[in-house]
Amino acid sequence: MHAHLQHDDTRIAEISHSQLPLNAPLRSDLKLRAEIKNIDCRIGIRELKENEISLILTDPPYFIDGMDGDWDTNKIKRRVKPGVVGSLPVGMKFSSQQGRDLQQFLTPIATEWMRVLRPGGFCLVFSQNRLVHRTAIALEDAGFEIRDVLLWRYEGQAKAFTQDHFILKRNLPTEEKARLIRKLGGRKTPQLKPQGEMIVLAQAPRDGTFVDNWDKWETGLIDVTDPYINNNRFPGTVIPAKKPVVRYGHMTVKPVDLLRHLIRIFSAPCSLVFDPFAGSGTTGEAAILEKRSFLGFEIEPEMAIRARERIDTLEQYE
Ligand SMILES: C[S@@+](CC[C@H](N)C(=O)[O-])C[C@H]1O[C@@H](n2cnc3c(N)ncnc32)[C@H](O)[C@@H]1O
């Protein structure tokens with residue numbers, strides 16, 4: 001059946017029971033909804049009802065240069081120098097203030113997540129590895145239980161820098177420069193080649209036992225039957241996935257396969273998945289492909305339009 005765009009931008013698609021995974025609950029009024037709102041999540045969330053959300057899966061601003069609480073893609077792009085390894089924003093600094101800012105930004109937001117997430121519901125938050133502790137503290141201070149830290153495993157580019165050119169620029173005799181270069185022995189700045197990004201796995205407190213919680217809310221337990229890249233073995237904390245080739249004009253787009261895997265494990269079919277920092281809409285695409293409903297907030301108008309278009313073109317709706 002074709003999806004249709006309603007006047008309020010809410011997409012509703014009906015799917016038949018035969019399309020659902022075998023373990024899907026049978027409901028006669030089954031409908032999927034996918035909605036991307038162009039709004040600051042701190043405002044948008046006020047409209048959500050208590051216990052409305054079954055899974056939060058999100059990738060907040062990184063709180064490295066420019067990608068903070070006042071995220072502005074154009075501002076960030078202006079700082080990216082073509083040809084710089086990995087296109088890191090020029091002037092990216094390793095400052096402990098970034099972590100403090102991230103925690104301060106996330107704590108009140110996570111407090112609202114607690115209100116809208118069902119008891120026992122999972123909350124998966126991507127984080128820069130060096131700021132992961134701040135992400136976890138923000139979630140814990142908001143009332144979540146930190147259950148684990150997962151790793152999205154990929155092959156990144158080495159970004160460590162040699163010091164030789166700094167030595168060569170120094171106002172020193174040639175022999176002294178040569179001595180220093182020899183002494184450093186080719187050592188580089190302390191950045192190992194990135195091979196993964198962390199995802200904090202948090203959980204809202206349960207309503208009674210695991211069994212009672214699942215019976216009432218369909219949250220709090222995991223589906224371990226997903227064979228994704230694990231050759232039918234139990235899903236693990238290290239999840240390999242290639243960096244996406246198609247980027248939808250977004251700098252930090254995540255792999256759909258990875259998000260589909262997480263959605264299958266941590267939410268029930270037909271439940272509502274929420275991404276307050278929707279970006280290019282990857283979580284939305286993954287949720288719809290996994291026959292979950294989706295709600296996303298994205299602060300940048302252009303990105304919100306792209307995310308909507310991306311979800312609109314999914315064959316799942318046809
Ligand atoms: C790391 S990106 C998410 C990328 C996404 N996972 C994807 O695959 O495309 C974070 C996004 O959050 C958005 N953002 C930043 N602050 C926001 C806020 N207060 N409310 C809603 N969105 C925000 C940014 O515009 C950016 O697109």
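Each remark here, short or long, concerns the structure printed above.
All values derive from a computational prediction rather than experimental measurement.

Give me the lowdown on the site of the ligand, citing residues and values where you can.
Neighbouring the ligand are 22 residues, the closest being Cys41, His250, Ser280, Thr282 and Glu298. One of the backbone nitrogen or oxygen atoms of Cys41 is found 2.9 Å away from a nitrogen atom of the ligand. About the coverage of the ligand: the protein hides 99% of its 600 Å² of free accessible area. Using a 2 Å cut-off from the grid points, one finds that the ligand occupies the largest cavity. Of the residues assigned to the shell around the ligand, the class counts are 11 nonpolar, five polar and six charged.

Summarise the pattern of salt bridges; cite the residues concerned and give the values.
If the charged atoms of two oppositely charged side chains come close together, the side chains can form a pair. Going through the model one piece at a time under the given rule, you end up with 15 salt bridges. Ionic pairing is found between Lys254 and Glu197, a salt bridge with its closest N-O pair at 3.7 Å. Residue Lys254 is found in the loop between strand S8 (238–240) and helix H8 (256–266), and its partner Glu197 is found in strand S7 (residues 196–203); the two are separated by 57 residues along the sequence. Among the residues examined, Lys254 registers a relative accessible area of 5% and is labelled buried. In this structure Glu197 comes out as buried when scored by relative accessible area, which is 9%. Each of Arg33, Glu35 and Lys37 takes part in one network of salt bridges that share partners.

An account of the packing of H8 against helix H9 (residues 282–289) is needed here, citing residue identities and associated values.
Two numbers describe a pair of packed helices, the interaxial angle and the distance between the axes. Across the interface, H8 lies against H9 with an axial gap of 8 Å and an inter-helix angle of 55°. It follows that H8 is oblique to H9 by the angle criterion. The element H8 and its partner H9 pack so that their crossing is right-handed. The residues of H9 that touch H8, namely those facing Val256, Leu259, Arg260 and Ile263, are Thr282, Thr283, Glu285, Ala286, Ala287 and Leu289. Its residues assigned to classes, the contact of H8 with H9 shows six nonpolar, two polar and two charged.

Summarise the side chain of Glu298; cite the residues concerned and give the values.
Looking at the element boundaries, Glu298 is found in strand S10 (residues 293–298). Beyond its immediate stretch of four places on either side in the chain, Glu298 contacts Lys37, Asn38, Ile39, Phe277, Ala278, Gly279, Met303 and Ala304.

Which residues make up helix H4 (residues 132–141), and what values go with them?
Residues of H4 that are buried include every one of Val132, Thr135, Ala136, Ala138 and Leu139, and no others. The arc enclosing the buried residues of H4, seen along the axis, measures out at 160°, which places them on a common side. Contacts made by the buried residues of H4 are with helix H3 (96–116), strand S5 (117–127), strand S6 (145–153) and S7.

Kindly report on empty space enclosed by the protein, identifying the contributing residues and their values.
With the rule as written, the count across this model stands at four cavities of 30 Å³ or more. Considered as a void within the structure, the largest cavity measures approximately 350 Å³ in volume. In this structure, the largest cavity is lined by 31 residues; those nearest its centre are Asp59, Phe277, Ala278, Gly279 and Glu298. Among the elements of the structure, helix H1 (41–44), strand S4 (53–58), H9 and S10 are those that each provide at least two residues to the lining of the largest cavity. Broken down by class, the residue content of the lining of the largest cavity amounts to 15 nonpolar, nine polar and seven charged. Each pocket or cavity is described by its volume, and for the second largest cavity that value is around 60 Å³.

Criteria and cut-off values
Residues numbered from 1 in each chain as written. Predicted model: local features only at pLDDT ≥ 70, side-chain atom pairs only at ≥ 80, totals over all residues. Heavy atoms only, no water. Near = heavy atom within 4 Å. Polar contact = N/O pair within 3.5 Å; in protein donor to acceptor, adjacent residues only side chain to side chain. Areas by Shrake-Rupley, 256 points an atom, 1.4 Å probe, with all protein chains shown as cover. 1 Å grid on protein atoms, 1.4 Å probe; cavity = no way out; pocket = protein on both sides within 12 Å on 5 of 7 lines; lining within 4 Å. Sits in = over half its atoms within 2 Å of the grid points. Nonpolar A, V, L, I, M, F, W, Y, C, P; charged D, E, K, R; others polar. Salt bridge = Lys/Arg side-chain N within 4 Å of Asp/Glu carboxyl O. Helix = DSSP H or I, 4+ residues; strand = E, 2+ residues; numbered from the N terminus. Buried < 20%, exposed > 50% of the residue type's maximum accessible area, 1.4 Å probe, protein only. Axes fitted to C-alpha atoms, helices over the stretch in contact; angles between N-to-C directions. Parallel < 35°, antiparallel > 145°, perpendicular 65-115°, else oblique. Left-handed = near helix turned anticlockwise from the far one by under 90°. Contact = heavy atoms within 4.5 Å. Arc of directions from axis to C-beta. Points joined across faces, edges and corners; volume = space filled by probe spheres on them.

Bear in mind that shape data such as this cannot, by itself, settle questions of function.
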